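Examination of the molecular architecture
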Amino acid sequence: MRYLAIRLGLSAVLLVGVTIITFVLTNLVPGDPITAALGERAAGDPKIVAAYREAQGLDKPPVVQYFVYLGNLLHGDLGTSIGTRNPVVQDLAYAFPATAELAVFAILVAVVIGLTLALVAALRRNRLSDQLIRAVSVVGISVPTFWLAVAAYFLFFFVLHWTPGSGRLSAFYDAPPRVTGLFTVDALLAGQPDVAGDALAHLVLPGMVLAVYTLGLLVRFARSSILDVLNQDYVRAARAKGLPGRRVITAYLLRGALLPILTIVGLAFGSLLSGAVLTEQVFAWGGIGQYAYRASTALDLPSIMGVGLIVGAVYITVNFVIDVVYGFVDPRVRVG
Amino acid sequence: MTAVPLRRRRAPSLPVAWRRPAALAGALVLLAWVVVALIVPLLPLEDPLRQSVGAAFQAPSAAHLFGTDQLGRDVLSRTLWGVRSSLPLAVALVAGSLVIGSVLGALAGYLGGVVDEVIMRVADLVFAFPTIILAMVVAAALGPSLVNAVIALLIVSWPNYARVMRALVLGARGQEYVIAGRLLGAGPLTSLRRDVLPNVSAPMLVLAMLDFGNQILLLAGLSFLGLGAVPPTPEWGSMVADGVVQFSSWWLATFPGLAIFSVVVAFNLIGDSLRDALDPRTAGAVQGSSI
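Residues numbered from 1 in each chain as written. Chains lettered and ligands numbered in written order. Predicted model: local features only at pLDDT ≥ 70, side-chain atom pairs only at ≥ 80, totals over all residues. Heavy atoms only, no water.

**Observations concerning the domain arrangement of chain A**
- Under the domain assignment used here, chain A contains domain 1 (2-74) and domain 2 (95-335).
- Using only C-alpha atoms to locate each centre, domain 1 of chain A and domain 2 of chain A end up separated by 32 Å. (Domains from an automatic or database assignment.)

Below, the structure is given as structure tokens:
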């Protein structure tokens, strides 16, 4: 329990930290957000600028501004996006599920394929299959995601017509009634299997592209942690006393290697997001990545702060959950 | 005082790393790119900036081995010239993060107390904030240019080095030879420089090698998004972006993409081998141990 409380407290502190960094960052940017918001002509008029500054609370000292921002935040108010003129919360509510659907798909693909490959590689260490899998893993972490996205789109859509084009749904389908925001889930809930199928078909290519880097990362770390476990006495003992191979693998190897693998999945979330920004750009996915890109290039500060906050919160939550699972699986961690 | 002889000992058999064919292959690829970067002005190539609108979007042919882009510029020439913008900046970026991160991490680990708290909490904050978004915001705010992209990535990449360095210094600080040095009258900075840093430099260099690929990918990624290289500079990330506009001309994105891939793979192969050579646990893999 104490372990849980400490972890939770730490996560909360980090989250406050993220609000501070979003705030400081947006105050420090040398670019001029007022010009970005009002346009060159209006920004040349001191009256308009003063009115705008007052309306946005920009005339107050930064510390006051921060607490106003924090107070609004607690009411679920992230401000109004300069680019879309919508409340940032509303924009994020639409963009976030799109990215979540993509990211979950990618993580699932990466974990299932990655663990299988890592297990095969570790069990057949230094044989041909191991070397091939390790080569695949190096390729996975070396290939530029944005290039892979372009190449995959060109090959599978443009040349082979195996996959549908960009976006989350074909043009002739309407988005399913919104429940979770995940098109596949919502379509199934609404009893529209054809829409769900179409959403899934759109998901496959960007999801696979996004999975490649995480897959490569996972294979290399999972392989070495499985190898570590493989050399432990208890695994040798299990083998020596004649436990069937499959049982050794599930009960001993994967369990023993679970912790380092969890850590990697947590860390992979960060790189997954970088990948999402680039992948979404190519596939016109309309998720957080594309939103973040639009907001950054337009210096749309409320949107940037919103994105930073939600992504930071997700990252912190994921790592909190992993920490908890960690403490659950490995009692030694709880003490420290 | 004369130095403790132990710290003069070389890092554990780095040359072993080069016995691996993969590392050798990586080094050769890298060497090839360095040579290209040096001699590219002497090669019989078209000017990478010369436009000829009449010859736009030509597929690869004998005249243009890699085809031409939307402005009729020779893609082969631009791909080869591209190494001049990508490689030196990546080196500057990694060297910069290595130096900044190491100095801050070493100070945090060695001095402890308030210095440690401040440096590491700032590092935590940067960690908690999504890398790519922070980099995008900084790059967008500074205005698109390759140097600004490097600055943006410096800001997000030093904490990783600082963390590792801090842990290494904490480990080395309690060693007897360091304490002996302090007892013999060395001040904290002298002790750090003479006794601690030489013993933690090898793992830091490996970390930098392993980081290279990532940084190149991020740098090219920012350029791909239009936040790095400015036209008409031949740069690989922005060349791939040109290919997105014109999907049917596959050669626009393919060749610069392969160039990025080759450099990143080369760095990763070298980094892997160096790490294995330094880490006795994985080093066994080189000789092929039992089980």
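**Structural notes on the pattern of salt bridges**
- Scanning the entire structure with this criterion turns up 8 salt bridges over all chains.
- Put simply, Arg168(A) and Glu101(A) hold a salt bridge, and the shortest N to O gap is 2.9 Å. With a gap of 67 residues between them, Arg168(A) in the loop between α8 (145-159) and α9 (183-189) and Glu101(A) in helix α6 (residues 88-123) connect regions that are remote in the sequence.
- Judged by its relative accessible area of 11%, Arg168(A) is buried.
- For Glu101(A), a relative accessible area of 7% corresponds to the buried category.
- In this structure, the salt-bridge partner of Arg275(B) is Asp272(B), at a minimum N-O distance of 3.4 Å. With Arg275(B) and Asp272(B) both in helix α9 (residues 251-278) and 3 residues apart, the pair spans about one turn of that helix.
- Residue Asp272(B) is classed as buried on the basis of its relative accessible area of 10%.
- Here the residues in one salt-bridge network are Asp130(A), Arg134(A) and Arg223(A), joined through shared partners. (Salt bridge = Lys/Arg side-chain N within 4 Å of Asp/Glu carboxyl O. Helix = DSSP H or I, 4+ residues; strand = E, 2+ residues; numbered from the N terminus. Buried < 20%, exposed > 50% of the residue type's maximum accessible area, 1.4 Å probe, protein only.)

**Quick word on the side chain of His202(A)**
Residues and elements named next belong to chain A.
- Positionally, His202 belongs in helix α10 (residues 193-230).
- Engagement of the side chain of His202 in a polar contact is seen with the backbone oxygen of Asp198, the distance being 2.9 Å.
- Those residues in contact with His202, other than ones at most four positions away along the chain, are Pro164, Gly165, Ser166, Gly167, Arg168, Leu169, Ser170 and Trp285. (Polar contact = N/O pair within 3.5 Å; in protein donor to acceptor, adjacent residues only side chain to side chain. Contact = heavy atoms within 4.5 Å.)

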